[in-house]
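What the coordinates show
Chain residues, written in single-letter form:
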Amino acid sequence: MEKIMYKEITDPKRIVIKVGTTTLIYPNGNINLASIDELAFVLTDLQNRGKEVILVSSGAIGVGLNQLQLNQRPFSIPQQQAVAAVGQAELMDIYNQRFQVYSQQTAQILLTRDIIEFPESRNNVINTLEELLAMGIIPIINENDTVAVDELDHLTKFGDNDRLSTIVSELTRAELLIMLSDIDGFYSDNPLKNKQAKLHRRITKIDDELMKQAGASNNQFGTGGMSSKLKAAKRVLDVNGSMVLANGKRPKIIFDILKGAEVGTLFKGESF
């Protein structure tokens, strides 16, 4: 019999799901259509169950690299933004195609940090998201990489979509954030290099020792890494939220998470 561990997260009404580039792009740079189709199936099924689902999706630059047949991410900001512009259009086209197979309507929302920090535009974003959810539409959110910059006098970047997903969770008061990555959860060390690394099943507090266990991203198609995910988890814990970090190789793992199965790493405080 399957061990049930995470009973407190088995029935959330509103869920934010963040998928990283590694879920959407194969290591060779090609688009993982099977994974995207499975993701569309899972999220549509959750919607059909009466859940409210928001997708925060990376992948614009990864898909853009594929479309432009580039082997590596450009170094200059304008080149990266151009690649993102191409990739975002193609990514949404793919999402629309796959979700339409399951008769699920989606909507694209591109955000920048200054929009969230300005009260009036922040309220506009919240109102839009609430209306989309009320209409049974799944919002697909990404950072607007084509215009986002990070300068001393004009900060518009979130940094990465791990952080963006936590902000979206806060804006929408989501009960659960599911972060799908290329690893089974948060380990004490890099499991690819250290076979003795142990998977943390539950984390209630982010401290300096845990931050030391986080490493950098080794993926050329995306940004972030374990460090960014821990920072995101800390933000979730600071507002008494819940987050699960799990492997996005098979998006159907979301079903297992919502059944309370012992998969991934659960970030949740002691009091619930």
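Residues numbered from 1 in each chain as written. Predicted model: local features only at pLDDT ≥ 70, side-chain atom pairs only at ≥ 80, totals over all residues. Heavy atoms only, no water.

Spelled out, the test is: UniProt positions are given in the numbering used here, feature names are shortened, and annotations may be inferred rather than shown by experiment.
The protein goes by Glutamate 5-kinase in an unreviewed UniProt entry, where it is assigned to Tetragenococcus halophilus subsp. halophilus. Taken verbatim from the UniProt record of the protein, the Catalytic activity (unreviewed entry) comment is "L-glutamate + ATP = L-glutamyl 5-phosphate + ADP". Under Subcellular location (unreviewed entry), UniProt gives the following word-for-word description of the protein: "Cytoplasm".

Concerning the overall build of the protein
Just so we agree on the cut-off: For helices the rule is a DSSP run of H or I covering at least 4 residues; for strands it is a run of E covering at least 2, with both sets numbered from the N terminus onward. Summary of the burial criterion: residues with accessible area below 20% of their type's maximum are buried, those above 50% are exposed, and those between are partly exposed, where the area comes from a 1.4 Å probe applied to protein chains only. We call two residues contacting when some pair of their heavy atoms lies within 4.5 Å. For the area figures, the Shrake-Rupley method with a 1.4 Å probe applies, and any residue is considered shielded solely by the protein chains shown.
Scanning the protein from N- to C-terminus turns up ten helices and twelve strands. Across the 272 residues in the protein, those meeting the buried criterion constitute 52%. Restricting the contact set of the protein to residue pairs at least 6 apart, pairs at least 24 apart contribute 74%. Carbon and sulfur atoms make up 48% of the accessible area of the protein, which totals about 13,400 Å².

Overview of helix α2 (residues 33–48)
Our working rule: Multiplying 1.5 Å by the helix residue count minus one yields the expected span of that helix.
An ideal rise of 1.5 Å per residue puts 22 Å on 16 residues; α2 measures up with 22 Å between its terminal C-alpha atoms. Buried residues of α2: Ser35, Ile36, Asp37, Glu38, Leu39, Ala40, Val42, Leu43, Thr44, Leu46 and Gln47, and no others. Directly after α2, the chain includes Gly50, whose backbone phi takes a positive value near 105 degrees.

Section: the packing of aromatic side chains
Selection rule: Aromatic rings from Phe, Tyr and Trp, with only the six-membered ring used for Trp, were paired whenever their centres fell within 6.5 Å, and each pair was classed as stacked if the ring planes differed by under 30 degrees, edge-to-face if by over 60, and tilted otherwise.
Counting across every chain of the model gives three aromatic pairs. Seen in terms of ring centroids, Phe41 and Tyr102 are 5.6 Å apart; in terms of plane orientation they differ by 65 degrees. Their pairing is edge-to-face. With Phe41 in helix α2 and Tyr102 in the loop between α4 (77–101) and β3 (106–111), this residue pair connects regions lying 61 residues apart in the sequence. The exposure class of Tyr102 is partly exposed, given its relative accessible area of 27%. Between Phe41 and Phe255 the ring centres are 6.4 Å apart and the planes differ by 85 degrees, which places this aromatic pair in the edge-to-face class.

Section: a nonpolar patch on the surface
The condition that has to hold: Within the patch definition used here, like charges are joined within 9 Å and nonpolar side chains (Val, Leu, Ile, Met, Phe, Trp, Tyr) within 5 Å, considering only residues with over 30% relative accessible area and no salt bridge. Just to be clear on terms, a salt bridge is a Lys or Arg side-chain nitrogen sitting within 4 Å of an Asp or Glu carboxyl oxygen.
There is a patch of nonpolar side chains on the surface, built from Leu68, Leu70 and Val86 and spanning about 210 Å² of accessible area. Residue placement: Leu70 occurs in the loop between α3 (60–67) and α4.

Things to note about the pairing of strand β1 (residues 14–19)
Looking along a regular strand, one sees side chains alternate from face to face of the sheet. Put simply, the rule is: Strand pairing is assigned whenever DSSP identifies at least 2 bridges connecting the two strands.
For β1, the tally of buried residues reaches six of six residues, placing the bulk of the element in the interior. The alternating pattern of β1 places Arg14, Val16 and Lys18 and Ile15, Ile17 and Val19 on opposite faces, both of which are buried. Sheet analysis places β1 next to strand β2 (residues 52–57), joined by six bridges and oriented parallel. Looking across to β2, one finds that Lys18 is bridged to Val56. Across five bridges, β1 lies against strand β7 (residues 176–181) in parallel orientation. Paired with Ile15 across the bridge in β7 is Leu176.

Some thoughts on the pattern of salt bridges
One pass over the full model with this rule turns up eleven salt bridges. Across the salt bridge formed by Glu52 and Arg14, the nearest N and O atoms sit 2.8 Å from each other. Remark: Arg14 occurs in strand β1 and Glu52 occurs in strand β2; sequence separation between them is 38 residues. Residues Glu52 and Arg14 agree in their burial class; the two are buried. Taking the shortest distance from any N to any O, the salt bridge between Asp45 and Arg49 comes out at 2.8 Å. On the accessibility criterion, Asp45 (25% relative accessible area) is partly exposed. Via salt bridges that share partners, Arg14, Glu52 and Glu130 belong to a single interconnected network.

Notes on unusual backbone geometry
You will see that Gln69, though not glycine, has its phi angle at about 55 degrees, which is positive. With respect to the element layout, Gln69 can be found in the loop between α3 and α4. Looking at Gln69, the relative accessible area reads 71%, which means it is exposed. Backbone geometry places Ser103, a non-glycine residue, at a positive phi of 60 degrees.

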